[in-house]
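# Coordinate analysis (summary)
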Amino acid sequence: MGFVGDGSLSPPPADSHLSVPLLAYSELMNTQTTANRQVNKKAELRNAAIAVFWDFSTNCVSLEDSERLLQIKAGFSSQLLQVVRIAFVLQKCSLEQLLDSSISTLKRRSREQMPLNSIASERLDRVAFVCLLAERVFQNRNAAACWMSKPNNALGGDTPVMLCGTEIGGKQVRRVLQALEWGGTV
C-alpha cells in the first residue's frame, strides 16, 4: 500500500503516525470527489440538453416543408438557445456567430420570451437536420453531438455545428457524414 506522495493515492497504514500526509490525502480525496460530482452534473446536463435538442430535431423532420417554413418565419423558441449552447458545448461568441445575432439580442429575446428571428431559426433548422443524419451515421445521439462539436480535419478544422451556419457549410457536413455512412472518401 502506497502513500499520498508516491502517486498511488492509497492511505497510509492505520498504525502510522503521519497525520499530515493523512490530512493531505483526505483533502485530496474530498477535492477529487467534488470534482467528480461537478463532472457528473455537467455530463447529466449535457445529456439532457442533447435529448431536448433531438426531440426538437425529430419534430422538425416530421413536418412538411411548408410547415417548416412557417415555423422558421414565425421563429423558434428562444429557450432553444441554452439547449444548443450546452448540447454542442458552444461559447457565447460561437452561439452568436452560429445564429448571426448578438448575445445581448439573444439574451433579450430569451428574457422577454420572444421567438428567434427567421435567420437564427433557419440555421437551427439546418443544425437539426444535420444532427439527425449524424445520429443515423453514429447510431447514437451523444456520439453524434460530440462529433458535431469537435473540429474535423475533413472540414478544414472547423466544427460541423458551426459550419451549419450557412447552407454551403451544411452541405459540406452532410457530404462528410454521407461518406462516413457509405465508407467513401471525404
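Keep in mind the model is a prediction, meaning the values are calculated, not measured. (Residues numbered from 1 in each chain as written. Predicted model: local features only at pLDDT ≥ 70, side-chain atom pairs only at ≥ 80, totals over all residues. Heavy atoms only, no water.)

### Topic: the overall build of the chain
- A count of helical and extended segments in the chain gives nine helices and zero strands.
- Buried residues in the chain amount to 37% of all 186 residues.
- For the chain, restricting intrachain contacts to residue pairs at least 6 apart in sequence, the fraction spanning at least 24 positions comes to 58%.
- A total accessible area of about 11000 Å² is found for the chain, and carbon and sulfur atoms account for 55% of it. (Helix = DSSP H or I, 4+ residues; strand = E, 2+ residues; numbered from the N terminus. Buried < 20%, exposed > 50% of the residue type's maximum accessible area, 1.4 Å probe, protein only. Contact = heavy atoms within 4.5 Å. Areas by Shrake-Rupley, 256 points an atom, 1.4 Å probe, with all protein chains shown as cover.)

### So, the environment of Gln 178
- Mapped onto the secondary structure, Gln 178 falls in helix 9 (residues 167-182).
- C-alpha separation for the pair Gln 178 and Arg 136, spaced 42 residues apart in sequence, amounts to 9.9 Å.

### As for the pattern of salt bridges
- This model, assessed by the stated rule, comprises seven salt bridges.
- For Glu 135, the salt bridge goes to Arg 141, with nearest N and O atoms at 3.6 Å.
- Here the salt bridges do not stand alone but share partners, grouping Glu 122, Arg 126, Glu 167 and Arg 174 into one network. (Salt bridge = Lys/Arg side-chain N within 4 Å of Asp/Glu carboxyl O.)

### Thoughts on the environment of Ser 118
- Structurally, the position occupied by Ser 118 is in helix 6 (residues 118-138).
- Between the C-alpha atom of Ser 118 and that of Gly 75, which follows or precedes it by 43 residues, the distance is 5.4 Å.
- In this view, Ser 118 contacts Ile 72 and Lys 73; residues no more than four positions away in its chain are not counted.

### Observations concerning the packing of aromatic side chains
- Under the definition given, this model contains five aromatic pairs.
- Measuring from ring centre to ring centre gives 5.6 Å for Phe 53 and Phe 56, while their planes differ by 45°; the resulting arrangement is tilted. With a gap of three residues between them, Phe 53 and Phe 56 both fall in helix 1 (residues 19-62), about one helical turn apart.
- On the basis of relative accessible area, Phe 53 is assigned to the buried category, the value being 0%. (Phe/Tyr/Trp six-rings, centres within 6.5 Å; stacked < 30°, edge-to-face > 60°.)

### Some points on the side chain of Asn 152
- In this fold, Asn 152 is placed in the loop between helix 7 (141-149) and helix 8 (160-163).
- Here Asn 152 falls in the buried class, since its relative accessible area comes to 13%.
- Apart from the residues lying within four places of it in its own chain, the contact partners of Asn 152 are Trp 147, Gly 157 and Asp 158.

### What to know about the nonpolar core
- By size, the foremost hydrophobic cluster in this structure holds 43 residues, and its most contacted members are Phe 53, Trp 54, Phe 88 and Met 148.
- Elements that contribute at least two residues to this core include exactly helix 1, helix 3 (80-87), helix 4 (92-99), helix 5 (103-111), helix 6, helix 7, helix 8 and helix 9.
- For this core, the element with the most residues is helix 6, which contributes 10 residues. (Core = buried A, V, L, I, M, F, W, Y, C linked by side-chain atoms within 4.5 Å.)

### Observations regarding the packing of helix 4 against helix 5
- Their axes nearest at 9 Å, the elements helix 4 and helix 5 cross at an angle of 85°. Judged by the angle between their axes, helix 4 and helix 5 are roughly perpendicular. Across the interface between the two elements, Lys 92, Leu 95, Glu 96 and Leu 99 of helix 4 pack against Ile 103, Leu 106 and Lys 107 of helix 5.
- Here the residues of the contact of helix 4 with helix 5 sort into four nonpolar, no polar and three charged. (Axes fitted to C-alpha atoms, helices over the stretch in contact; angles between N-to-C directions. Parallel < 35°, antiparallel > 145°, perpendicular 65-115°, else oblique. Nonpolar A, V, L, I, M, F, W, Y, C, P; charged D, E, K, R; others polar.)

### Brief notes about the confidence of the model for the chain
- For the chain, per-residue confidence averages 85 on the pLDDT scale, and residues scoring 70 or more make up 79% of the total.
- Across the chain, element-level confidence peaks in helix 8 with a mean pLDDT of 97 and bottoms out in helix 1 with 77.
- This model gives residues 1-5 a pLDDT under 50, and the stretch forms 17 contacts once residues within four places in sequence are excluded.
- Counting interchain partners and residues more than four positions distant, the pLDDT-below-50 stretch residues 8-12 has 18 contacts. (pLDDT = per-residue confidence, 0-100.)

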